[in-house]
Amino acid sequence: MKPKLSIVKIGGNVIGDAKSLTQVLGLFSKMEHHTILVHGGGKKATELGNRLGIKAQITNGRRITDSDSLEVAVMVYGGLVSKNIVAELQSMGTNAIGMSGADGNAIHAHKRPINDIDFGFVGDVDGVHAENISKLLEAGFTPIFCALTHDGNGQLFNTNADTIAAELAVGLSSNYETTLYYCFEKKGVLREVSDEDSVIEHINSESYKELLKEGIIADGMLPKMHNCFYALQNNVHQVCIGNEGMLSNTSSKYTRLTL
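The structure reproduced in this document is the subject of the present report. Predicted model only: the values in this text are computed from it and were never measured. (Residues numbered from 1 in each chain as written. Predicted model: local features only at pLDDT ≥ 70, side-chain atom pairs only at ≥ 80, totals over all residues. Heavy atoms only, no water.)

Observations regarding the nonpolar core
Formed by 73 residues in total, the largest nonpolar core has its most connected members in Ile7, Ile10, Ile36, Leu168, Leu180, Ile203 and Met225. Leave out the neighbours within four places in its chain, and Met225 touches Val189, Ile203, Tyr208, Ile217, Ile241 and Leu257. (Core = buried A, V, L, I, M, F, W, Y, C linked by side-chain atoms within 4.5 Å. Buried < 20%, exposed > 50% of the residue type's maximum accessible area, 1.4 Å probe, protein only. Contact = heavy atoms within 4.5 Å.)

Considerations on unusual backbone geometry
With the exception of glycine, most residues fall at negative phi, and the peptide bonds are largely trans. One non-glycine residue with positive phi stands out, namely His33, at about 65 degrees. With respect to the helices and strands, His33 occurs in the loop between α2 (18-29) and β2 (34-39). You can call His33 exposed: its relative accessible area is 54%. Of note, Asn235 is a non-glycine position whose phi angle comes to about 75 degrees, a positive value. Topologically, Asn235 is positioned in the loop between α8 (221-232) and β13 (238-242). Given a relative accessible area of 63%, Asn235 falls into the exposed group. (Helix = DSSP H or I, 4+ residues; strand = E, 2+ residues; numbered from the N terminus.)

Brief notes about the pattern of salt bridges
Tallied over the full model, the rule gives nine salt bridges. Residue Lys224 pairs with Asp162 through a salt bridge whose shortest N-O separation is 2.9 Å. In this pair, Lys224 is assigned in helix α8 and Asp162 in helix α6 (residues 161-172), connecting sequence segments 62 residues apart. Asp162 matches Lys224 in its accessibility class, with the two residues each being buried. Between Lys213 and Glu210 there is a salt bridge whose closest N-O contact spans 3.8 Å. Of this pair, Lys213 and Glu210 both sit in helix α7 (residues 205-213), three residues apart, which is roughly one turn of that helix. One salt-bridge network, held together by shared partners, links Lys9, Asp162 and Lys224. (Salt bridge = Lys/Arg side-chain N within 4 Å of Asp/Glu carboxyl O.)

Remarks on α6
The terminal C-alpha atoms of α6 lie 16 Å apart, and with twelve residues this matches the ideal 16 Å at 1.5 Å per residue to within 8%. Buried residues dominate α6, accounting for ten of its twelve residues. The complete set of buried residues in α6 reads Ala161, Asp162, Ile164, Ala165, Ala166, Glu167, Leu168, Ala169, Val170 and Leu172. Structurally, the start of α6 carries an N-cap: the backbone nitrogen of Asp162 is 2.9 Å from a side-chain oxygen of Asn160. (Expected span 1.5 Å × (residues − 1). Polar contact = N/O pair within 3.5 Å; in protein donor to acceptor, adjacent residues only side chain to side chain.)

Looking at the environment of Glu201
With respect to the helices and strands, the residue Glu201 is situated in the loop between β11 (177-183) and β12 (202-203). Overall, the relative accessible area of 41% leaves Glu201 in the partly exposed class. With 56 residues separating them in the primary sequence, Glu201 and Leu257 have C-alpha atoms 8.4 Å apart. Those residues in contact with Glu201, other than ones at most four positions away along the chain, are Ser252, Lys253, Tyr254, Thr255 and Arg256.

Things to note about the layout of surface pockets
Taken as a whole, the largest pocket encloses approximately 1,600 Å³ of empty space. Forming the boundary of the largest pocket are 47 residues, of which Gly61, Asn160, Asp162, Gly220 and Pro223 lie nearest the centre. For the lining of the largest pocket, the secondary-structure elements that each account for two or more residues are β1 (4-10), α1 (12-15), α3 (42-51), β4 (62-64), β7 (123-128), α6 and α8. Residue contributions to the lining of the largest pocket peak at six residues, all from α8. Its residues placed into classes, the lining of the largest pocket shows 18 nonpolar, 17 polar and twelve charged. The volume enclosed by the second largest pocket comes to roughly 460 Å³. Along the wall of the second largest pocket there are 20 residues; nearest its centre are Ser6, Met31, Tyr181, Leu247 and Asn249. (1 Å grid on protein atoms, 1.4 Å probe; cavity = no way out; pocket = protein on both sides within 12 Å on 5 of 7 lines; lining within 4 Å. Points joined across faces, edges and corners; volume = space filled by probe spheres on them. Nonpolar A, V, L, I, M, F, W, Y, C, P; charged D, E, K, R; others polar.)

Some thoughts on the packing of aromatic side chains
What the rule picks out here adds up to one aromatic pair. Note on Tyr208 and Phe229: the rings are 4.6 Å apart at their centroids and 20 degrees apart in plane angle, and the pair reads as stacked. With a gap of 21 residues between them, Tyr208 in helix α7 and Phe229 in helix α8 connect regions that are remote in the sequence. Take Tyr208: its relative accessible area is 14%, and that puts it in the buried class. (Phe/Tyr/Trp six-rings, centres within 6.5 Å; stacked < 30°, edge-to-face > 60°.)

Here it is, written out as structure tokens:
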């Protein structure tokens, strides 16, 4: 029987709220079995960029990363946000270790091809070196991954944190029974955006198609759902979406996704 692994991705609104972040990290630190945390930091990167005179470039909701923006992303994701999370988890008794995709050659990527838009130094993931990450887990470390990958030739890339979480879950699923948690400020996938309690508690492949037709799942939730089903179709045991409550055994409502 495979050992269990929980991979938790935390959203930008959680990172930006110190009280909410502490609450999430507290619950994360109490999770049983092996754990990995994945975070971005786009809002923090935008704030620092503005202070440095480097304006964020967003096209169709996606961030364009030029060389200056990449430097800011590396400073914020791999530095400020990562180390604050690691330090806070250490205070909670979790032996956390900050990671990017370059550390331990963990996540390999290539520059996103130019089609209609040149996204700059944005990476699309090629693969995860599960063996290296497994060694850290088995040694008692809790990896904390930021939204940076590399190409093996010295180039770092800004990479979507939701995608990194899904790729880690897929890459490690051969060694572990893996559950992927997307933790953000909402209770789950909502049937009515204006009703915080209208959580859809279970979505499978069939009901997902219906929700798409009805336009209930749209806009920013679409890429997240794509990552969810990509993970499930590649041997990830279960995917969950919700707020910090789902990380404890007492949560009543969140969205669980299965095939």
